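Chain residues, written in single-letter form:
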Amino acid sequence: MINQEDFFKKIISHAKEYGFVFPSSEIYDGLSAVYDYGQNGVELKNNIRQYWWKSMVQYHENIVGIDAAIFMHPTTWKASGHVDAFNDPLIDNKDSKKRYRADVLVEDHMAKIEGKITKEVAKAQKRFGDAFDETQFKTTNQRVLDYQQQIDTISQRFYAALEKNDLQDVKQLIEDLGIVCPVSGSRNWTEVRQFNLMFSTKMGSTADGANEIFLRPETAQGIFVNYLNVQKTGRMKLPFGIAQTGKAFRNEIVARQFIFRMREFEQMEMQFFVRPGDEKMWYEYWKKERMNWHLSLGIPADKYRFHDHEKLAHYANAAADIEFEFPFGFKELEGVHSRTDFDLSAHQKHSAKKLQYFDPETNQSYVPYVVETSIGLDRMFLAILSNAFSEEKLEDGSERVVLKLPALLAPYKAAILPLMKKDGLPEKAREILAELQEDFMCHYEEKDAIGKRYRRHDAIGTPYCITIDHQSLEDNTVTIRERDSMAQDRIPVEELAAIIRKRIRPVKQA
RNA sequence: GCGGGCAUAGCUCAGUGGUAGAGCAUCAGCUUCCCAAGCUGAGGGCCGUGGGUUCGACCCCCAUUGCCCGCUCCA
């Protein structure tokens, strides 16, 4: 068994060599953490997206889809919490090479002083016993007053600096307070730099008259702001869902591991609106439903696991990840979150538009609760690809590289191969190609020996190779070769489409 | 952002201070009735980019970009 790191590298180079994933703008030396999908990659990616869409929208009568724009009104991100929650001032300690959030350092420092007050109080309490009046002590004891004064001074200056975005003063404050790095113990700090999660750009034809807007960091908000539009025009009754796939953009501090963490990526999200109080039930429902979706692709169950969040985001009351065992370990692939009424309430407040649902059963209006399923399309792509990649040693001692992709997702469903480039075999093969193309992505190839063509299609995951030989001209039969087993059957041409269609179905889950 | 490593043909890699090679792949032709066959021929590289040292740099030095590993961050 080769080590995981080498295995991952092989997958990356295979992805490039066979037209799945290219580094972005490669002829200009690439662009960090951005990748392009090639001729085979785009098919696989489309197929994953399509299968997700079918599973969510087509198979659920109470789920509909939308496609909201990437540009959104700036207030959207104020309401969602992204503007406030993801603007972190960062600072590095040059000696320990550790990075900290500058605000956390200062807050910790204040907490330390706070701790001293608590200690004084505890000491005094011991001294005075039952007669101790904490409030009085805190307002009269000089030492406590001094500490409190310190905290007030720091916090005043600190929050003023943050408000004005005065990062130099934040650094100055850290120096003035003599804050040291917990690891190196030194005060050798870099400048404070602002980290912004969201990419911004200017909307407007002239720079001076333009407004700053953001590229969405998640697709979910496009659903929330359209909640009322869809509910009204679709006459949707709770519970119902809105699904959407699309690009999102995050300015990651460290974006790495191939397409696992990219700055531009694609999400597939579904927000499910439920009656308050029902959210736990639906949260459990969607956890199970989404796991079944993954298993329906025939990937072993032990590659997946749930990871329940201990620490919850500002909008959630329950959250679990579906993790997948990537070549670099178990990592988040999909999130199922119970988002409460946080988002709709926030938008209701910021927009001053009523985002409520009138429930005829209870005769009440309320803001619905939301259960979200959110999966990274690129991560799914990587999960499928890394699970499929295998190198096999054959009985004759030769080796082959096979992408054992779920047939449903493979870029090509069938390769149409005349055994030889003469005697009318290509003509016959093209007839069959024209027939199958109506239903499936097919690839015609007549160059090179048949074995070589088989291997080429193994490498891009084509599940079926249809070979046309001399017998085909006589009795209208062909051989169909199965990718994983390499076994061949001879079947009548007219049955081909039905057989392929039947074999590429997903695995039904209980 | 910091530390370390890497960058030569489409891919995997050799290489020497005196202006570049192999295997595979690609293309053309011949041969071949089922798992990377053979023969013949062809195309393809200002040796990541920009400076410097030198008579002369793919090679030495500096910078820069990208990738990989580790740290940091992560809804």
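Scope of this entry: the structure provided in the associated data block. Computed from a predicted structure; not experimentally measured. (Residues numbered from 1 in each chain as written. Chains lettered and ligands numbered in written order. Predicted model: local features only at pLDDT ≥ 70, side-chain atom pairs only at ≥ 80, totals over all residues. Heavy atoms only, no water.)

1. Focus on the overall build of chain A
Point 1. For chain A, the helix and strand inventory stands at 17 helices and 23 strands.
Point 2. Against the compact-globule benchmark of 24 Å for 510 residues, chain A has a radius of gyration of 30 Å, which places it well outside the compact range.
Point 3. For chain A, the spread of C-alpha atoms along the principal axes amounts to about 105 × 65 × 55 Å.
Point 4. Counting the 510 residues in chain A, one finds 48% classified as buried.
Point 5. Long-range pairs, those at least 24 residues apart, make up 64% of the contacts in chain A with a sequence separation of at least 6.
Point 6. By element, 49% of the accessible surface of chain A is carried by carbon and sulfur atoms, the whole surface being about 26200 Å².
Point 7. Taken as two groups, the 70 positive and 77 negative side-chain charges of chain A have centres that lie 2 Å from each other. (Helix = DSSP H or I, 4+ residues; strand = E, 2+ residues; numbered from the N terminus. Rg over C-alpha atoms; globule rule 2.2 N^0.38 Å. Buried < 20%, exposed > 50% of the residue type's maximum accessible area, 1.4 Å probe, protein only. Contact = heavy atoms within 4.5 Å. Areas by Shrake-Rupley, 256 points an atom, 1.4 Å probe, with all protein chains shown as cover. Lys, Arg positive; Asp, Glu negative; His and termini not counted. Charge placed at Lys NZ, Arg CZ, Asp CG, Glu CD.)

2. Details of the side chain of Glu 269
Point 1. Along the chain, Glu 269 falls in strand β10 (residues 264–274).
Point 2. For the buried Glu 269, no salt bridge is present, and the opposite-charge side chain at shortest range is Arg 339, 5.2 Å distant.
Point 3. Side-chain polar atoms of Glu 269 contact the backbone nitrogen of Ala 220, separated by 2.6 Å.
Point 4. Polar side-chain contacts of Glu 269 include one of 2.9 Å to the side chain of Ser 374.
Point 5. Contact partners of Glu 269, with chain neighbours within four places excluded, come to Trp 52, Thr 219, Ala 220, Ile 223, Ile 242, Ala 243, Gln 244, Glu 372, Thr 373 and Ser 374. (Salt bridge = Lys/Arg side-chain N within 4 Å of Asp/Glu carboxyl O. Polar contact = N/O pair within 3.5 Å; in protein donor to acceptor, adjacent residues only side chain to side chain.)

3. Section: the sheet that holds strand β9 (residues 240–249)
Point 1. The 7 strands lie next to each other as β3-β9-β10-β16-β13-β12-β11, forming an open sheet whose pairing is mixed. Edge positions in the open sheet fall to β3 (63–65) and β11 (304–308), since each of these has one partner strand only. Looking at each pair of strands side by side, their axes are set apart by 25 degrees on average, direction ignored.
Point 2. The pairing of β10 with strand β16 (residues 369–376) spans 8 bridges and is classified as antiparallel. Looking at the pairing, Phe 273 lines up with Val 370 of β16. (Pairing = 2+ DSSP bridges. Axes fitted to C-alpha atoms, helices over the stretch in contact; angles between N-to-C directions.)

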